[in-house]
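Coordinate analysis (summary)
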Amino acid sequence: MTALRPIEFEILLTLAQGECHGYAIIRETEARSDGTLRLETGTLYRALRRLVAEGYAKPTSRHAADPEGHDDERRRYYAITPLGKRTAALEAARLARLVAAARSARLIPKPERP
Amino acid sequence: MNRSLPERAAALAYRALLRIYPGSFRADFARDMEETFVDRYREARSSGARAVFAFLSAAVADAVTNGLRERAHPHSFGYGMFHWMDVRYAARLLRRSPVFTLLTVVTLAGGLGLSIFTFSFLYTAMLKPLPLPAGDRIVAVQQSTPGAPFMFDVMDVAAMRPAITTLTEVGAFADADVVIGDERHRKVLAAKLAEPNIFSVTRTKPILGRAFTSEDQAVGAERVIVLSYWAWTTVFGADSTIVGRTTPLNGTFTRVIGVMPEGYGFPVAAEAWMPLGTDLLATQTPGVQFVSLYARLANDATPAQARAQLTPLLDRARRQHPPATNAPLQPASVDVLSFPMAQIGEQAPLVLAVLNLLATLILLLACINVTNLLLARANERARETAVRLALGASRGRLIVQSMWENGFICLLGGALATAIAGWGLDAINHWLQMNLPRNLAFWWVWHLDRTALLSACGFVTVTIAVLGAVVSARVVNTEFNAVLRDGTSRGGSRREGRIARALVITQVAAVTVLMFFGVMSSVVAYRVAHVDVGYDTRRLLAAALEPPRDRYPTREARAAFYERASDRLTRSASVGGVLLLAHLADPADREASARPGVASPRAYVAGVQGNLSTVGVAIRMGRAFDAGDNANGSPVAIVSEALAREHWPARSPIGERIRLAADSGITESRIVVGVASDVLMGNPFERRTALAVYVPLRQTDAPFSGVLFRHQADVASAQGDLYATLAEIDPRLLPPSVQPYEEILEKTALIARSVTKLFAMCFGFALLLAVSGTYGLMARSIGQRTREIGIRRALGATEGGLIRLLLGQGGRQLGVGVAIALPVMIAVGVGFATQFPVGYTVPIVSALGVGAAIVGVVLLATWIPTRRVLLISPREAIWRDRV
């Protein structure tokens, strides 16, 4: 198992919400980052190739319903694997630890209580 | 989802680009990537041309970088293939053959330089955002209704304004030339009447004084003006105390309140700004006051959304008030464009596409020539390549090695091309600033900017990819067994023969289209440069008069206005002669006929007031109009000699009746009282005719009229007199723009001459590339067949038979190339024939001439190497290339 790169973690985050095709992954990732992250097609598919090779994601034959009408036979959907979920969760926990440490060091403000 | 044509084209190009990725990667992902690319392309297209450009640039860069990285993957081709030895070897090879290096670099630099120059020039002219803070959000809003002006009726603007949500900071402006200074020293400024937010919408503050406030536009407010930097320096000598002082403006003292920064001329080339009065904006009569609009796009709004919102709003606004004329209401639509696109007009995308296509064709020619040179060199080194392969070198390693040589040539060519393009942009900028000062939009400043450098990188990358692919294919297809066994350095495989033939065909097609376009453009430019307007344009000034409908509601009131204007201006000391010429109908919509019911040629019909001799039109027969030819007199007309010849050949038309029929069905009959000398009517870029009918302005109804007058001393005095005349007749009338005829013609001719020279240079270079390239390709193709020709001769083939064989093959490639070019030539020819006054003869003759020139070039390029091969004895030819 190799360490996740930020872009791979972003893709797994998207896939954790459900099966997606490439364009949907790009849109979801860009929307989540408020447009600060621009994911190019080549970067996406090279990252997907690595995720598939490592067993974190897999192409599926099932076509999930797409409200935007992009669902068609030519598109391949990708799903997160149990190994991918575990790895993404470990990465999220690692990042959470880092965020907590950054708060203790007063690098970022503490969250306001509701 | 079905793909549109542009999407299919983009997908095809992207599919080709994906070949940069290794085959295994492509097999897994290419289809998905293409689908994703098309989705994103569709999304970019909905956001406009800039978004498409940004997306395509990013997509190309992404495919190249990720494709190469993927190839550098440990399990893939290319890993560990970087060796300094290869770099040094490639550099040494190029150093060892300086002529080859120079030739390829210069050829490539010419093609690349032209492409970078054309793209950068057009980008700055049409696509670059305004050089203002957040300038990409500033838009021009225009009306595009058939038969209506681009401007909006202020009544429509007032009705639309409250409901507009896709635009913010909407403001109106109108043209208003002003004469500044007193009688001793006058200067004409191209001013804009604008709403007070004109400077805040562009986020620009004056360098001296203040911007407008809403008090400045109130009725009865003091007249104020903000000067451009140019006006401040040239009229007031950059006097820093000018702010707060008053200066005569069209004879009225006006206070200077500010000076804008250098290079600022929003909305286009304004030299001064004055507030657009609230009384003008609140006009309650339709068809009286027209304005253009500027605005900023609201947050997240796109031009398409603004257009979609404004079109129904305009439609509703137009239905709320009675129409200004009796003409049926045309469907209204609104265009929301960037100012550069609005300035170039609706032809902008076509111009952009055509000129870039031509530049790309020249780059294609350059690439073909360089490819040919590189292939010839690869052939020379075929044996070396074969030995390396036989010794175990991987083909990937050899490709990487050959790519270094290409890379060096392309980078050297690219650097030289960038320098050439930079020089060209600076030169054209300097030329335009020198020759067309005060006519250039303020954003038209050309130099080697970031876009030019980015386009250079883009063009060089594509060139490296194309040339690399061809040379790599050559290495991949080297069959070392055959090369080593035969002991020849020929790579004369069937496949290579096909490549050579395809190159010749592509070259013939590209150069045929280019030459045809070049000849046609030169003919049009020549005609425009040498246009004969048919009358004396010396010291002639032109302006447009439009009596407002609210104050001049009847035909009699308008006629009285024209008469007073004509009389008063004729008495001015600085004016030599006056003619009011109201253009009543184009040949397209008015017919002049001597015999009712008989189809007749259509003619220009103009209402005139004043002396026709002002523009050099002489009365050849009969009489000129006199005071008796008024509304109460019998309807009369003066016809041109051409029209008289047409209708009454060999007899006098005086006393005959002429029927004027409009397409609306209204006809009128007039008695011919005079025959005037011929003058060509119409725009020099369009079809012109000498068939003309003049009628007294007093006997017709013209909503607006042109005024032509000859100045005695200087332009500004005559223009000042026109303004004084109009102010005397109606102080509320906006001063019209006045244009010296000679200046207009001189500038048109200057531009046309320069365009002719520029085209001549570009197409000269293209022709040089074509001639040298075709010769090179043919020479290589025939040279490769030296042994075959030797064998044929040994077996008894005659020289004549061989010449016929080789010329026939050259002819076939020529035929296919011309056949490919033919549809494009027909489209170009029809385009020119319909857009410019060249008719169909010029395109046909040009096409035949270009065809003959191409046939000559190809046959000569075939015949010379054929002769050379035939001079070698069959015995020598058979053993040639044996090592």
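A few words now on the overall build of chain B. Of the regular secondary structure elements, chain B holds 25 helices and 22 strands. Evaluated residue by residue, chain B yields a buried proportion of 40% over its 883 residues. Taking the intrachain contacts of chain B between residues at least 6 apart in sequence as the baseline, contacts between residues at least 24 apart amount to 82%.

A word on the overall build of chain A. Secondary structure summary: chain A contains four helices and three strands in total. Element order for chain A, N to C, with α for helix and β for strand: α-β-α-α-β-β-α. Evaluated residue by residue, chain A yields a buried proportion of 28% over its 114 residues.

Moving on, we come to the interface of chain A and chain B. When the parts of a complex come together, some accessible area is lost, and that lost area is often taken as the interface size. Contact residues are listed per partner, giving 15 residues for chain A and 19 residues for chain B. Of all the elements, helix α3 (residues 41–54) of chain A adds the most residues to the side of chain A that touches chain B, at six residues. Here the residues of the side of chain A that touches chain B are counted per class, giving three nonpolar, six polar and six charged.

Moving on, we get to the sheet that holds strand β1 (residues 20–21) of chain A. All names here are of chain A. Strand order in the open sheet formed by three strands is β1-β3-β2, with antiparallel pairing between adjacent strands. The sheet is open, and its two borders are formed by β1 and β2 (57–60), each paired with just one other strand. The sheet contact formed by β2 and strand β3 (residues 77–80) spans four bridges and is antiparallel. For Pro59, the partnering residue across the bridge sits in β3 and is Tyr78.

Turning our attention to unusual backbone geometry. Residue and element names in this part refer to chain B. In this structure, Pro267 follows Phe266 across a cis peptide bond, with omega equal to 10 degrees. Examined against the element boundaries, Pro267 turns out to sit in the loop between β8 (252–259) and β9 (272–275). Residue Ala650 is not a glycine yet carries a positive backbone phi of 65 degrees. Along the chain, Ala650 falls in the loop between α19 (641–647) and β18 (657–662).

A regular strand places its side chains on the two faces of the sheet in alternate fashion. All names here are of chain B. Of all five residues in strand β20 (residues 692–696), five are buried, a share of seventy percent or more. Covered by surrounding structure in β20 are Ala692, Tyr694 and Pro696 together with Val693 and Val695, the residues of both alternating faces. Bridge analysis of strand β15 (residues 604–610) against β20 gives five bridges, and the strand direction is parallel. From the neighbouring strand, Val605 faces β20, where its bridge partner is Val693. The pairing of strand β17 (residues 636–640) with β20 spans two bridges and is classified as antiparallel. The partner of Val639 across the bridge, within β20, is Val693.

Below, the discussion takes up the environment of B:Thr101. With respect to the helices and strands, B:Thr101 occurs in helix α5 (residues 98–127). What makes B:Thr101 partly exposed here is the crowd of 18 C-beta atoms within 10 Å.

Moving on, we come to helix α4 (residues 82–104) of chain A. Residues and elements named next belong to chain A. Counted at 1.5 Å a residue, the expected span for α4 with its 23 residues is 33 Å, and the 33 Å between its end C-alpha atoms agrees. Of all the positions in α4, only Gly84, Thr87 and Ala88 are classed as buried. The positive-phi residue at the C-terminal boundary of α4 is Arg106, with phi of around 60 degrees.

Residues and elements named next belong to chain B. Following both chains from N to C, one finds α5 and helix α14 (residues 395–435) inclined at 45 degrees, their axes separated by 7 Å at the closest point. Judged on the interaxial angle alone, α14 and α5 are oblique. Handedness of the crossing formed by α5 with α14: right-handed. Here the contact of α5 with α14 is built from residues that sort into 16 nonpolar, seven polar and no charged.

All names here are of chain B. On average, chain B scores 81 in pLDDT, and the residues at 70 or more come to 88%. In this model, residues 586–591 is a region of pLDDT below 50 whose contacts with residues beyond four sequence positions or in other chains number 17 contacts. Considering only residues more than four positions removed or in separate chains, one finds that residues 594–599, a stretch of pLDDT under 50, has six contacts. Interface confidence in the predicted complex, given as ipTM, is 0.86; pTM for the same model is 0.65.

Residues and elements named next belong to chain B. Here Val243 lies in the loop between α8 (229–236) and β7 (246–249). Sequence spacing of Val243 and Val259 is 16 residues, and the spatial spacing of their C-alpha atoms is 7.8 Å. The contact partners of Val243, leaving out residues within four places of it in the chain, are Leu208, Gly209, Val256, Ile257, Gly258 and Val259.

Moving on to the packing of helix α1 (residues 6–16) of chain A against α3(A). All names here are of chain A. Between α1 and α3, whose axes approach to 10 Å, the crossing angle comes to 80 degrees. With respect to α3, the axis of α1 lies roughly perpendicular. Within the contact between the two elements, α1 uses Ile7, Glu8 and Ile11 and α3 uses Thr43, Ala47, Leu48, Arg50 and Leu51. Across the contact of α1 with α3, the residue classes tally to five nonpolar, one polar and two charged.

This part takes up helix α2 (residues 23–45) of chain B. B:Phe29 marks where α2(B) bends most, by close to 60 degrees. For α2(B), every residue scored as buried is listed here: B:Phe25, B:Phe29, B:Asp32, B:Met33, B:Glu35, B:Thr36, B:Phe37, B:Val38, B:Asp39 and B:Ala44. Residues of α2(B) that are buried make contact with α2 (22–32) and α3 of chain A together with α1 (5–17) and α3 (49–71) of chain B.

Residue and element names in this part refer to chain B. As paired elements, β7 and β8 share four bridges and run antiparallel to each other. Directly across from Pro248, in β8, lies its bridge partner Phe253. Hairpin connection between β7 and β8: a loop of two residues separates the two successive antiparallel strands, and Asn250 in this loop has a positive phi of roughly 50 degrees.

We now examine the nonpolar core. Of all hydrophobic cores here, the largest spans 209 residues; its most connected members are B:Ala272, B:Ile362, B:Leu365, B:Leu514, B:Phe516, B:Val693 and B:Tyr694. At 18 residues, the largest contribution of residues to this core is made by helix α17 (residues 494–529) of chain B. For B:Leu365, the contacting residues outside a window of four places in its chain are B:Gly111, B:Gln507, B:Ala510, B:Val511, B:Ala766, B:Leu769, B:Ala770 and B:Gly773. Of all hydrophobic cores here, the second largest spans 33 residues; its members include A:Leu48, B:Phe25, B:Phe37 and B:Val38.

What counts, and where the lines are drawn
Residues numbered from 1 in each chain as written. Chains lettered and ligands numbered in written order. Predicted model: local features only at pLDDT ≥ 70, side-chain atom pairs only at ≥ 80, totals over all residues. Helix = DSSP H or I, 4+ residues; strand = E, 2+ residues; numbered from the N terminus. Buried ≥ 20, exposed ≤ 12 C-beta atoms within 10 Å, placed from the backbone. Contact = placed C-beta atoms within 7 Å. Nonpolar A, V, L, I, M, F, W, Y, C, P; charged D, E, K, R; others polar. Pairing = 2+ DSSP bridges. Expected span 1.5 Å × (residues − 1). Axes fitted to C-alpha atoms, helices over the stretch in contact; angles between N-to-C directions. Parallel < 35°, antiparallel > 145°, perpendicular 65-115°, else oblique. Left-handed = near helix turned anticlockwise from the far one by under 90°. pLDDT = per-residue confidence, 0-100. Bend = angle between axes of the 7 residues up to and from the residue. Core = buried A, V, L, I, M, F, W, Y, C linked by C-beta atoms within 7 Å.

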